[in-house]
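Coordinates in review
What follows is each chain in one-letter form.
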Amino acid sequence: MSNLDEGWNAESLRGLDLLVLPTDSTSRWSENESSVVQDFLERGGGVFVFGIGDVPATPEGDSSFPLPRLRQIHAPIGSPRPEPESHILAQDLVSDVDPDHPAVRIPQRVFLHRPRQVEYDDGAMTPVVRHEGATLIGTVRLGEGRLAVVGNGEMFLLPFLGRESNAELFLDLVQWAAKGTTSSTQWSALDVTVKHRYPTRVFAEGEDLEQSSGSHLIDARPFEKLLSPLAFRRLPHPYEDESTFLTEAELAYHEMPRPIRQAVTRFRLRSNAYGVLLIKGLPTDPFAPRTPADPGERIDKKTWLSELWLAAFGSALGFPFAYRQEKRGQLFQNVAPTPHNATKLSSESSALLLDFHTETAFHPHMPDYVLLHCIRPDHERVAKTIGAGIRMILPELSLRDRGLLFEPLYRTGIDYSFGSANGFKGNGPLLPVLSGDPYDPHLTFDLDLMTGLTPEAEIALRNLAAATRKVQRWVRLDAGDLLIVDNRKAVHARSEFTARYDGLDRWLQRMCVLRSPFHSASDRRLGSHVVETRFAV
């Protein structure tokens, strides 16, 4: 080891086998520094150089790589570009590399992330990975030394080491650059991909969300005197004059106490580790009618508090909407048990666990948020609304499982309420389970209805289910509680409970919210909040 912060010179590099040099657009190499690296190589040293991320073009004459003849091409590689939700581009290793080269000892594929082209001006670079004729990873022998160059080293960061091929390639290149030879790296790569876990902060061991302090919980009861005037003012009818009611609810939200609005804004912008926001003790409806026997029927009430809270917080988060196939397209949906759906995979069930799922995981217009407001708890107060956030799940997954879950190897099922047979798996779209930011991904998962297309994909799915159960948290919702689920960052479930069908059963109201109405506009009639996408099942 050598502390190069003290200065670059031949003496500081003496005794080193390998020099690892991350570079980006802010890297500036003087002629003297480049000369030191060149001399180190020619005397038999090894250098491993890799770019970092999307490097913008640098002014002419500036050098972002340590050797004058080594260049990174700034135009992105990949045509067609990966889909917006996909960040990995699979690419076979080139077949015309020297068979003795360490990177092609075994047939393998590598997984690229925002690949970048590299060139060595005198043409002496041996390509290791190419795409569309461009060299993305190459090696150069310079004097007695060895130079390995990677256009974008992000493929070797932890989120992209989920397949042994990436890990093996990284270890092979490092060993080759350092020693000029390689030994088997297969078991070392397996150790990285299977055993390695991301470090994470420690969470409270208790599963009850109410017993854990943090940004996921806000108590509205101290603000009762401020909220009551909003709750009991005269409001338009939410079912007969929906548009005016939504407008009034949005305005009412801006009159809420600042701490409540701050918590909602933080959740909207950054979510949290649990993927849920629990607001306890909002003013309740003193004239709540009996729990509806048919949740699809509109219930007339003397006051509209539950609808007000849903509409107010829903408008703060985005665009409230509904599906034509659910509860006859009602924006405010009643969730209550029915005897004919007691054992079906439906929100009207009670006698079975409604297992972890992303709300309408199969739908092109999947909600960004699901709001659940409790009007009446179950008789024994045992029903748990359960959640698990992706930020807590990730540290429980191996890098191999993470890599697999980012690939479109999974097919989910279409929900019962949208016309599918109860419990029918895999009749929906093909999709990845993890998507978006590889360091803080989105999650799309339905434990009951999703299946993997390959044996290893199915194993990754089972490991995800086990990790989800391990980190789960729950709350027993009481009257006046509002639970907001970040449907992109968490899955939710509901435990079994005993329904009596006596008019006093558990009764929630639910609302779905999109961050923006833009993408769903083609599937809604002008001015409507109802999405009418149809499914052939």
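Residues numbered from 1 in each chain as written. Predicted model: local features only at pLDDT ≥ 70, side-chain atom pairs only at ≥ 80, totals over all residues. Heavy atoms only, no water.

**Considerations on the overall build of the protein chain**
For the protein chain, the count of helices and strands is 11 helices and 26 strands. A burial count over the protein chain gives 56% of its 537 residues as buried. A separation threshold of at least 6 residues defines the contact pool for the protein chain, and within that pool the share at least 24 residues apart is 75%. Approximately 23,600 Å² of the protein chain is accessible, and the part contributed by carbon and sulfur atoms is 51%. (Helix = DSSP H or I, 4+ residues; strand = E, 2+ residues; numbered from the N terminus. Buried < 20%, exposed > 50% of the residue type's maximum accessible area, 1.4 Å probe, protein only. Contact = heavy atoms within 4.5 Å. Areas by Shrake-Rupley, 256 points an atom, 1.4 Å probe, with all protein chains shown as cover.)

**Re unusual backbone geometry**
In this structure, serine 271 takes a positive phi of about 50° despite not being glycine. Along the chain, the position of serine 271 falls in the loop between helix 7 (258–270) and strand 11 (276–280). The class of serine 271 is buried, set by a relative accessible area of 12%. One non-glycine residue, threonine 360, adopts positive backbone phi at about 45°.

**Overview of the sheet that holds strand 2 (residues 46–51)**
An order of 1-2-9-8-7 is seen for the 5 strands of this open sheet, with the pairing classed as mixed. Two strands bound the open sheet, and with one partner strand each, they are strand 1 (18–23) and strand 7 (126–131). Averaged over neighbouring strand pairs, the angle between their axes works out to 10° when direction is ignored. In this structure, strand 2 lies alongside strand 9 (residues 145–150), joined through 5 bridges in parallel fashion. Bridge assignment links phenylalanine 50 to a residue of strand 9, and that residue is valine 150. (Pairing = 2+ DSSP bridges. Axes fitted to C-alpha atoms, helices over the stretch in contact; angles between N-to-C directions.)

**Thoughts on the side chain of asparagine 334**
Mapping asparagine 334 onto the fold places it in strand 13 (residues 333–335). Asparagine 334 sits in the buried class, given a relative accessible area of 1%. Polar side-chain contacts of asparagine 334 include one of 3.4 Å to the backbone oxygen of glutamate 297. A polar atom in the side chain of asparagine 334 sits 3.1 Å from the side chain of glutamine 509. Excluding residues that lie within four positions of it along the chain, asparagine 334 makes contacts with Pro292, Pro295, Glu297, Ile299, Lys327, Trp507, Leu508 and Gln509. (Polar contact = N/O pair within 3.5 Å; in protein donor to acceptor, adjacent residues only side chain to side chain.)

**Considering the packing of aromatic side chains**
In the structure shown here, the tally under the stated rule is 13 aromatic pairs. When the centroid spacing of 5.8 Å and the interplanar angle of 65° are considered together, the rings of tyrosine 239 and tryptophan 304 count as edge-to-face. Taken together, the positions of tyrosine 239 in the loop between helix 5 (224–231) and helix 6 (242–253) and tryptophan 304 in the loop between strand 11 and helix 8 (305–317) put the pair 65 residues apart, joining distant regions of the chain. Exposure class is identical for tyrosine 239 and tryptophan 304. Each is buried. Both rings, one in phenylalanine 362 and one in phenylalanine 535, keep their centres 5.2 Å apart while their planes meet at 75°; by these two values the pair is edge-to-face. In this pair, phenylalanine 362 is assigned in the loop between strand 14 (354–357) and strand 15 (369–376) and phenylalanine 535 in the segment after strand 26 (530–531), connecting sequence segments 173 residues apart. Assessed through its relative accessible area of 3%, phenylalanine 362 is described here as buried. (Phe/Tyr/Trp six-rings, centres within 6.5 Å; stacked < 30°, edge-to-face > 60°.)

**Considering helix 6**
Compared with an ideal rise of 1.5 Å per residue, which puts 12 residues at 16 Å, helix 6 spans 16 Å between its outermost C-alpha atoms and is within 8% of the ideal. Where helix 6 is buried, its residues contact helix 5, helix 7 and helix 8. (Expected span 1.5 Å × (residues − 1).)

**What about the sheet that holds strand 16 (residues 385–389)?**
Strand order in the open sheet formed by 4 strands is 14-24-16-22, with antiparallel pairing between adjacent strands. The outermost strands of the open sheet, each flanked by one partner alone, are strand 14 and strand 22 (473–475). Sheet twist, expressed as the average angle between the axes of neighbouring strands with direction ignored, equals 20°. Bridge count between strand 16 and strand 22: 3 bridges; the pairing is antiparallel. Directly across from glycine 387, in strand 22, lies its bridge partner arginine 473. Running at roughly 105° to strand 14, helix 11 (residues 455–471) makes contact with strand 14, strand 16, strand 22 and strand 24 (490–494) of the sheet.

Any functional reading would require information beyond the geometric quantities listed.
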